[in-house]
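Observations on chain architecture
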Amino acid sequence: MLELTRVTVGYDPRDPVVREASLSIAPGESVGLLGPSGCGKSTLARVAALLHRPYAGAVVLDGEPVRGWRHAAPRAQRTAVGVVFQQPRLSADPRLTLRELIAQPLRATGRRAEVPDRVAALAPAVGLTAELLGRRPHEVSDGQLQRACLARALVLRPRWLICDEMTAMLDASTTAALVEVVETYRRESGAGLLAVGHDRVLLERWCDRTADWRTVCGAGGTAQESMSPTP
Ligand SMILES: Nc1ncnc2c1ncn2[C@@H]1O[C@H](COP(=O)(O)OP(=O)(O)OP(=O)(O)O)[C@@H](O)[C@H]1O
(Lines give C-alpha, C1' and ligand atoms only; values in the text may rest on other atoms or scores of the structure.)
Protein backbone atom coordinates (compact mmCIF):
# COMPACT_ATOMS: atom_id res chain seq x y z
CA MET A 1 0.00 0.00 0.00
CA LEU A 2 0.92 3.63 -0.47
CA GLU A 3 -0.66 5.40 2.47
CA LEU A 4 -0.75 9.07 3.36
CA THR A 5 -2.30 9.73 6.74
CA ARG A 6 -3.25 13.17 8.02
CA VAL A 7 -0.55 14.83 5.96
CA THR A 8 -0.04 18.55 6.51
CA VAL A 9 2.34 20.16 4.06
CA GLY A 10 3.17 23.38 2.27
CA TYR A 11 5.75 26.08 1.81
CA ASP A 12 5.35 27.91 5.12
CA PRO A 13 4.78 25.92 8.31
CA ARG A 14 2.69 28.76 9.72
CA ASP A 15 0.28 28.51 6.82
CA PRO A 16 0.27 25.03 5.25
CA VAL A 17 -1.31 24.55 1.85
CA VAL A 18 -2.62 21.07 2.66
CA ARG A 19 -4.05 20.15 6.04
CA GLU A 20 -4.60 16.63 7.29
CA ALA A 21 -4.95 14.91 3.94
CA SER A 22 -5.39 11.15 3.90
CA LEU A 23 -5.29 8.88 0.90
CA SER A 24 -4.32 5.30 0.27
CA ILE A 25 -3.69 3.29 -2.86
CA ALA A 26 -3.52 -0.49 -3.07
CA PRO A 27 -1.09 -2.33 -5.34
CA GLY A 28 -2.53 -2.50 -8.85
CA GLU A 29 -5.11 0.15 -8.10
CA SER A 30 -5.50 3.43 -9.95
CA VAL A 31 -6.81 6.44 -8.06
CA GLY A 32 -7.64 9.79 -9.62
CA LEU A 33 -7.23 12.79 -7.32
CA LEU A 34 -9.53 15.62 -8.35
CA GLY A 35 -9.64 19.15 -7.06
CA PRO A 36 -9.74 22.80 -8.10
CA SER A 37 -6.68 24.65 -9.28
CA GLY A 38 -4.37 25.73 -6.49
CA CYS A 39 -5.88 23.53 -3.75
CA GLY A 40 -2.63 21.63 -3.25
CA LYS A 41 -2.94 18.49 -5.40
CA SER A 42 0.57 18.78 -6.84
CA THR A 43 1.99 19.49 -3.42
CA LEU A 44 0.37 16.32 -2.06
CA ALA A 45 1.52 14.39 -5.14
CA ARG A 46 5.08 15.48 -4.38
CA VAL A 47 4.70 14.11 -0.87
CA ALA A 48 3.50 10.78 -2.32
CA ALA A 49 6.53 10.84 -4.65
CA LEU A 50 8.81 11.33 -1.61
CA LEU A 51 9.94 14.70 -2.98
CA HIS A 52 8.41 17.01 -0.38
CA ARG A 53 8.61 16.44 3.37
CA PRO A 54 5.33 17.06 5.16
CA TYR A 55 5.15 19.10 8.37
CA ALA A 56 2.96 16.47 9.99
CA GLY A 57 1.35 13.15 9.23
CA ALA A 58 2.66 9.85 7.98
CA VAL A 59 3.56 8.31 4.65
CA VAL A 60 3.90 4.54 4.59
CA LEU A 61 5.19 2.74 1.54
CA ASP A 62 4.72 -1.02 1.33
CA GLY A 63 4.45 -1.17 5.11
CA GLU A 64 7.59 0.92 5.76
CA PRO A 65 7.18 4.42 7.16
CA VAL A 66 8.94 7.04 5.04
CA ARG A 67 11.48 8.90 7.17
CA GLY A 68 13.68 10.58 4.54
CA TRP A 69 12.72 12.67 1.54
CA ARG A 70 14.33 13.38 -1.81
CA HIS A 71 17.93 12.20 -1.71
CA ALA A 72 17.62 11.37 1.98
CA ALA A 73 14.99 8.72 1.22
CA PRO A 74 16.38 5.19 1.25
CA ARG A 75 17.11 4.07 -2.28
CA ALA A 76 14.63 1.18 -2.07
CA GLN A 77 11.82 3.62 -1.32
CA ARG A 78 12.98 6.28 -3.76
CA THR A 79 13.15 3.84 -6.65
CA ALA A 80 9.78 2.29 -5.79
CA VAL A 81 8.01 5.46 -6.91
CA GLY A 82 8.05 6.93 -10.42
CA VAL A 83 6.71 10.39 -11.12
CA VAL A 84 5.64 12.35 -14.19
CA PHE A 85 4.96 16.07 -13.90
CA GLN A 86 2.72 18.39 -15.85
CA GLN A 87 5.41 20.40 -17.58
CA PRO A 88 8.07 18.18 -19.08
CA ARG A 89 10.36 21.13 -19.83
CA LEU A 90 10.71 21.94 -16.15
CA SER A 91 11.69 18.40 -15.23
CA ALA A 92 13.93 17.52 -18.18
CA ASP A 93 17.59 18.51 -18.23
CA PRO A 94 17.92 20.46 -21.52
CA ARG A 95 21.47 19.19 -22.06
CA LEU A 96 20.47 15.55 -22.31
CA THR A 97 19.23 13.69 -25.34
CA LEU A 98 15.92 11.89 -24.84
CA ARG A 99 17.86 8.61 -24.67
CA GLU A 100 20.02 10.01 -21.83
CA LEU A 101 16.97 11.45 -20.13
CA ILE A 102 15.22 8.06 -20.06
CA ALA A 103 18.41 6.39 -18.85
CA GLN A 104 19.05 8.94 -16.08
CA PRO A 105 17.53 6.93 -13.18
CA LEU A 106 19.45 3.80 -14.23
CA ARG A 107 22.73 5.71 -14.26
CA ALA A 108 21.94 7.41 -10.96
CA THR A 109 21.37 4.03 -9.32
CA GLY A 110 24.47 2.34 -10.76
CA ARG A 111 22.54 0.23 -13.27
CA ARG A 112 24.27 1.51 -16.39
CA ALA A 113 24.48 -1.99 -17.89
CA GLU A 114 20.69 -2.11 -18.19
CA VAL A 115 20.47 1.12 -20.23
CA PRO A 116 20.51 -0.37 -23.77
CA ASP A 117 17.87 -3.02 -23.03
CA ARG A 118 15.57 -0.80 -21.03
CA VAL A 119 15.70 2.09 -23.51
CA ALA A 120 15.17 -0.33 -26.40
CA ALA A 121 12.09 -1.74 -24.65
CA LEU A 122 10.60 1.54 -23.47
CA ALA A 123 11.12 3.80 -26.49
CA PRO A 124 8.72 1.93 -28.80
CA ALA A 125 6.29 1.44 -25.92
CA VAL A 126 5.98 5.21 -25.45
CA GLY A 127 6.12 5.88 -29.20
CA LEU A 128 9.63 7.33 -29.60
CA THR A 129 11.70 6.49 -32.66
CA ALA A 130 15.48 6.01 -32.61
CA GLU A 131 15.84 9.35 -34.37
CA LEU A 132 13.85 11.17 -31.66
CA LEU A 133 15.92 9.50 -28.92
CA GLY A 134 18.98 11.32 -30.26
CA ARG A 135 17.38 14.77 -29.98
CA ARG A 136 17.48 17.19 -27.05
CA PRO A 137 14.37 18.65 -25.39
CA HIS A 138 14.41 21.88 -27.45
CA GLU A 139 14.35 19.77 -30.62
CA VAL A 140 11.12 17.91 -29.79
CA SER A 141 7.48 18.78 -29.11
CA ASP A 142 5.94 18.87 -25.64
CA GLY A 143 4.17 15.60 -26.37
CA GLN A 144 7.37 13.88 -27.49
CA LEU A 145 9.20 15.17 -24.43
CA GLN A 146 6.40 14.00 -22.15
CA ARG A 147 6.66 10.54 -23.75
CA ALA A 148 10.34 10.51 -22.76
CA CYS A 149 9.49 11.70 -19.23
CA LEU A 150 6.99 8.86 -18.88
CA ALA A 151 9.62 6.37 -20.06
CA ARG A 152 12.04 7.85 -17.50
CA ALA A 153 9.43 7.36 -14.76
CA LEU A 154 8.99 3.71 -15.77
CA VAL A 155 12.62 2.82 -16.40
CA LEU A 156 13.24 1.47 -12.87
CA ARG A 157 9.96 -0.48 -12.95
CA PRO A 158 8.37 1.39 -10.03
CA ARG A 159 5.71 -0.25 -7.89
CA TRP A 160 3.97 3.13 -7.64
CA LEU A 161 3.46 5.74 -10.31
CA ILE A 162 2.44 9.34 -9.66
CA CYS A 163 1.12 11.21 -12.70
CA ASP A 164 0.70 14.87 -11.80
CA GLU A 165 -1.40 16.42 -14.59
CA MET A 166 0.65 14.32 -16.98
CA THR A 167 -1.59 15.07 -19.96
CA ALA A 168 -2.65 18.65 -19.17
CA MET A 169 -0.57 20.13 -22.00
CA LEU A 170 -1.26 17.42 -24.55
CA ASP A 171 -3.77 16.90 -27.35
CA ALA A 172 -6.41 14.18 -27.19
CA SER A 173 -4.52 11.58 -29.19
CA THR A 174 -1.26 11.98 -27.23
CA THR A 175 -3.26 11.90 -24.00
CA ALA A 176 -4.91 8.64 -25.05
CA ALA A 177 -1.55 7.16 -26.07
CA LEU A 178 0.15 8.03 -22.77
CA VAL A 179 -2.78 6.80 -20.68
CA GLU A 180 -2.58 3.52 -22.60
CA VAL A 181 1.15 3.23 -21.85
CA VAL A 182 0.48 3.73 -18.15
CA GLU A 183 -2.40 1.24 -18.16
CA THR A 184 -0.36 -1.40 -19.99
CA TYR A 185 2.45 -0.96 -17.47
CA ARG A 186 0.02 -1.16 -14.59
CA ARG A 187 -1.62 -4.34 -15.89
CA GLU A 188 1.72 -6.02 -16.50
CA SER A 189 3.49 -4.90 -13.33
CA GLY A 190 0.69 -4.65 -10.77
CA ALA A 191 1.85 -1.12 -9.93
CA GLY A 192 -0.45 1.32 -8.17
CA LEU A 193 -1.23 4.69 -9.73
CA LEU A 194 -2.08 8.13 -8.39
CA ALA A 195 -3.27 10.35 -11.25
CA VAL A 196 -3.75 13.99 -10.29
CA GLY A 197 -5.80 16.42 -12.32
CA HIS A 198 -8.90 18.50 -12.73
CA ASP A 199 -10.29 16.74 -15.78
CA ARG A 200 -13.03 14.71 -14.13
CA VAL A 201 -14.10 13.02 -17.37
CA LEU A 202 -10.56 11.82 -18.09
CA LEU A 203 -9.83 10.63 -14.55
CA GLU A 204 -13.16 8.86 -14.17
CA ARG A 205 -12.57 7.03 -17.44
CA TRP A 206 -8.93 6.27 -16.63
CA CYS A 207 -8.98 5.28 -12.97
CA ASP A 208 -10.61 2.57 -10.85
CA ARG A 209 -11.90 5.28 -8.55
CA THR A 210 -11.60 8.98 -7.93
CA ALA A 211 -10.96 10.89 -4.73
CA ASP A 212 -12.33 14.38 -4.36
CA TRP A 213 -10.09 16.94 -2.70
CA ARG A 214 -12.71 17.98 -0.15
CA THR A 215 -12.97 14.48 1.18
CA VAL A 216 -9.23 13.76 1.06
CA CYS A 217 -8.69 16.76 3.34
CA GLY A 218 -11.04 16.15 6.24
CA ALA A 219 -12.62 19.37 7.50
CA GLY A 220 -11.76 20.59 10.97
CA GLY A 221 -8.91 18.20 11.52
CA THR A 222 -10.91 15.03 11.07
CA ALA A 223 -9.18 13.83 7.98
CA GLN A 224 -10.72 10.92 6.20
CA GLU A 225 -10.30 9.36 2.86
CA SER A 226 -13.54 9.04 1.07
CA MET A 227 -13.54 7.52 -2.35
CA SER A 228 -16.24 7.43 -4.96
CA PRO A 229 -16.14 4.39 -7.21
CA THR A 230 -15.84 5.35 -10.84
CA PRO A 231 -19.23 4.77 -12.51
N1 LIG B 1 7.32 26.30 -4.50
C2 LIG B 1 6.27 26.95 -3.96
N3 LIG B 1 6.46 27.94 -3.08
C4 LIG B 1 5.43 28.59 -2.49
N5 LIG B 1 4.12 28.31 -2.76
C6 LIG B 1 3.88 27.34 -3.66
C7 LIG B 1 4.92 26.61 -4.30
N8 LIG B 1 4.36 25.70 -5.13
C9 LIG B 1 3.03 25.86 -5.01
N10 LIG B 1 2.73 26.85 -4.13
C11 LIG B 1 1.39 27.27 -3.73
O12 LIG B 1 0.74 26.19 -3.09
C13 LIG B 1 -0.63 26.17 -3.44
C14 LIG B 1 -0.98 24.80 -4.01
O15 LIG B 1 -0.26 24.60 -5.20
P16 LIG B 1 -0.34 23.23 -5.99
O17 LIG B 1 0.49 23.38 -7.21
O18 LIG B 1 -0.05 22.11 -5.07
O19 LIG B 1 -1.91 23.21 -6.37
P20 LIG B 1 -2.68 22.32 -7.45
O21 LIG B 1 -3.95 21.91 -6.80
O22 LIG B 1 -1.81 21.23 -7.95
O23 LIG B 1 -2.95 23.38 -8.59
P24 LIG B 1 -3.13 23.19 -10.18
O25 LIG B 1 -4.31 22.29 -10.35
O26 LIG B 1 -3.37 24.57 -10.67
O27 LIG B 1 -1.87 22.58 -10.71
C28 LIG B 1 -0.87 27.32 -4.41
O29 LIG B 1 -1.40 28.39 -3.70
C30 LIG B 1 0.54 27.65 -4.92
O31 LIG B 1 0.65 29.01 -5.20
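Residues numbered from 1 in each chain as written. Predicted model: local features only at pLDDT ≥ 70, side-chain atom pairs only at ≥ 80, totals over all residues.

Going by the annotation in an unreviewed UniProt entry, the name recorded for the protein chain is ABC transporter ATP-binding protein, with Streptomyces sanglieri given as the source organism.

1. Some thoughts on the site of the ligand
As a structural note, the neighbourhood of the ligand is formed by Tyr11, Val17, Gly35, Ser37, Gly38, Cys39, Gly40, Lys41, Ser42, Thr43, Glu165 and His198. Its residues assigned to classes, the shell around the ligand comprises 3 nonpolar, 7 polar and 2 charged. (Near = placed C-beta within 6 Å. Nonpolar A, V, L, I, M, F, W, Y, C, P; charged D, E, K, R; others polar.)

2. Here we look at the environment of Val18
Topologically, Val18 is positioned in strand β2 (residues 18–25). When the 23 C-beta atoms within 10 Å are taken as the criterion, Val18 is described as buried. Those residues in contact with Val18, other than ones at most four positions away along the chain, are Val7, Thr8, Val9, Gly10, Gly40, Thr43, Leu44 and Cys217. (Helix = DSSP H or I, 4+ residues; strand = E, 2+ residues; numbered from the N terminus. Buried ≥ 20, exposed ≤ 12 C-beta atoms within 10 Å, placed from the backbone. Contact = placed C-beta atoms within 7 Å.)

3. With respect to the pairing of β2
Across the 8 residues of β2, 7 count as buried, placing the element largely inside the fold. Inspection of the sheet shows strand β1 (residues 2–9) paired to β2 by 5 bridges, in the antiparallel sense. Bridge pairing in β2 places Leu2 opposite Ile25. (Pairing = 2+ DSSP bridges.)

4. Quick notes on the packing of helix α4 (residues 98–108) against helix α7 (residues 142–154)
It is at 7 Å that the axes of α4 and α7 come closest, and there the two elements cross at 25°. Considering the angle they form, α4 stands roughly parallel to α7. Crossing hand, α4 versus α7: right-handed. Taking contact as the criterion, the partners of Leu98, Leu101, Ile102, Gln104 and Pro105 in α4 are, on α7, Ala148, Ala151 and Arg152. For the contact of α4 with α7, the class distribution of residues is 6 nonpolar, 1 polar and 1 charged. (Axes fitted to C-alpha atoms, helices over the stretch in contact; angles between N-to-C directions. Parallel < 35°, antiparallel > 145°, perpendicular 65-115°, else oblique. Left-handed = near helix turned anticlockwise from the far one by under 90°.)

5. A word on the confidence of the model for the protein chain
Per-chain confidence: the protein chain averages 91 in pLDDT, with 94% of residues scoring 70 or above. No element of the protein chain has a lower mean pLDDT than strand β10 (residues 227–229), which averages 49, and none a higher one than strand β7 (residues 160–164), which averages 97. For the stretch residues 220–227, pLDDT sits under 50, and the model shows 18 contacts to residues farther than four places along the chain or on other chains. In the predicted complex, the global pTM is 0.91; the interface-specific ipTM is 0.97. (pLDDT = per-residue confidence, 0-100.)

6. Here we look at the sheet that holds strand β4 (residues 56–61)
Taken together, the 4 strands give an open sheet; going across it, the order is β2-β1-β4-β5, and neighbouring strands pair in antiparallel fashion. The outermost strands of the open sheet, each flanked by one partner alone, are β2 and β5 (64–65). Seen against the sheet, helix α1 (residues 41–48) touches β1, β2 and β4 and runs at an angle of roughly 130° to β1.

7. A word on the pairing of strand β6 (residues 81–84)
Neither face of β6 is left uncovered, since the one carrying Val81 and Val83 and the one carrying Gly82 and Val84 both have all their residues buried. Note: β6 against β7, 4 bridges, orientation parallel. Note that in β7 the partner of Val83 across the bridge is Ile162.

8. A short note on α4
Those residues of α4 lying buried are Leu98, Leu101, Ile102 and Ala103. Packed against the buried residues of α4 are α5 (115–126), α6 (130–133) and α7. Remark: Gly110 follows α4 within two positions and exhibits a positive phi of approximately 70°.

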